[in-house]
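Residues per chain are reported as follows:
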Amino acid sequence: MWGAFTCIVGYSITTNLNDIELKKINITIFPNPVNDILHINYNSNKIGDTKFEIINSSGETVFKLDNLNKRNEIDVNFLPNGIYYLRVIGIVEQKKFTILKL
């Protein structure tokens, strides 16, 4: 089923043996399939530590976003129609999403 989807990624960071901090990243991506503007809503205290990449079916990175905001809009008009992968690179974990460009 296509449309908006949300992913919550949880991870923990140990600063010492007695101090464990739980961080959660909440990502909403829409619309999917996309024609022109892909919206990425990102909710985390660690915005500057996470990057997004759009990768084509050949494995080439065709777009990078390093300076994140809570709400991001990516104009994907420059991409040919096809299937792409959105990679979210965080402090500890990576997550991939499939995006269909029409």
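Thresholds applied
- Just so you know, the residues in each chain are numbered from 1, in the order the chain's sequence is written.
- Reporting of local features is limited, given that this is a predicted model, to residues whose pLDDT is at least 70; pairs of side-chain atoms are given and counted only at 80 or more, and all residues count toward the totals for whole chains, interfaces and linings.
- Remark: hydrogens and water are excluded; side-chain values derive from all non-hydrogen atoms of the structure.
- The criterion for an aromatic pair is that two Phe, Tyr or Trp rings (for Trp, the six-membered ring) have centres within 6.5 Å, with stacked assigned to planes under 30 degrees apart, edge-to-face to planes over 60 apart and tilted to the rest.
- A run of H or I in DSSP becomes a helix once it reaches four residues, and a run of E becomes a strand once it reaches two; helices and strands are each numbered from the N terminus.
- Just to be clear on terms, a salt bridge is a Lys or Arg side-chain nitrogen sitting within 4 Å of an Asp or Glu carboxyl oxygen.
- Each residue gets one of three labels from its accessible area relative to the maximum for its type: buried under 20%, exposed over 50%, partly exposed in between, using a 1.4 Å probe on protein chains only.
- Pairs of N or O atoms within 3.5 Å make up the polar contacts considered here, provided that, within protein, one atom can donate a hydrogen while the other can accept it, and that residues adjacent in sequence are counted only when both atoms are side-chain atoms.
- Two strands are said to pair when DSSP picks up at least two bridges between them.

A.B. asks: Would you explain the packing of aromatic side chains in this entry?
C.D. replies: Each aromatic ring pair is described using two quantities: the centre-to-centre distance and the angle formed by the ring planes. On inspection of all chains with the given rule, the structure shows 1 aromatic pair. Ring geometry for phenylalanine 63 against phenylalanine 78: centres 6.3 Å apart, planes inclined by 40°, an arrangement best described as tilted. Here phenylalanine 78 lies in the loop between strand 6 (71-75) and strand 7 (82-89) and phenylalanine 63 lies in strand 5 (residues 61-65), a separation of 15 residues in the sequence.

A.B. asks: How should the pattern of salt bridges be read in this particular structure?
C.D. replies: Side-chain pairs of opposite charge can arise where the charged atoms are in close proximity. Enumeration according to the criterion identifies 1 salt bridge in this entry. In this structure, glutamate 53 and arginine 87 form a salt bridge, with 2.6 Å as the shortest nitrogen-oxygen distance. A residue pair is termed long-range when its members are at least 10 positions apart, and glutamate 53 in strand 4 (residues 51-55) and arginine 87 in strand 7 qualify at 34 residues. Taking relative accessible area as the criterion, glutamate 53 reaches 10% and is therefore assigned buried.

A.B. asks: I keep staring at the side chain of asparagine 32 and nothing clicks. Help me out?
C.D. replies: By the secondary structure assignment, asparagine 32 is in the loop between strand 2 (19-30) and strand 3 (37-43). Within the structure, asparagine 32 has its side chain in polar contact with the backbone oxygen of threonine 98 (distance 2.9 Å). Engagement of the side chain of asparagine 32 in a polar contact is seen with the backbone nitrogen of leucine 100, the distance being 3.0 Å.

A.B. asks: Teacher, can you tell me more about the pairing of strand 6 here?
C.D. replies: The alternating pattern of strand 6 places Asn72 and Ile74 on a buried face and Arg71, Glu73 and Asp75 on a face that is not buried. Relative to strand 6, strand 3 is paired through 5 bridges, and the arrangement is antiparallel. Each bridged residue has a counterpart across the sheet, and for asparagine 41 the counterpart in strand 6 is arginine 71.

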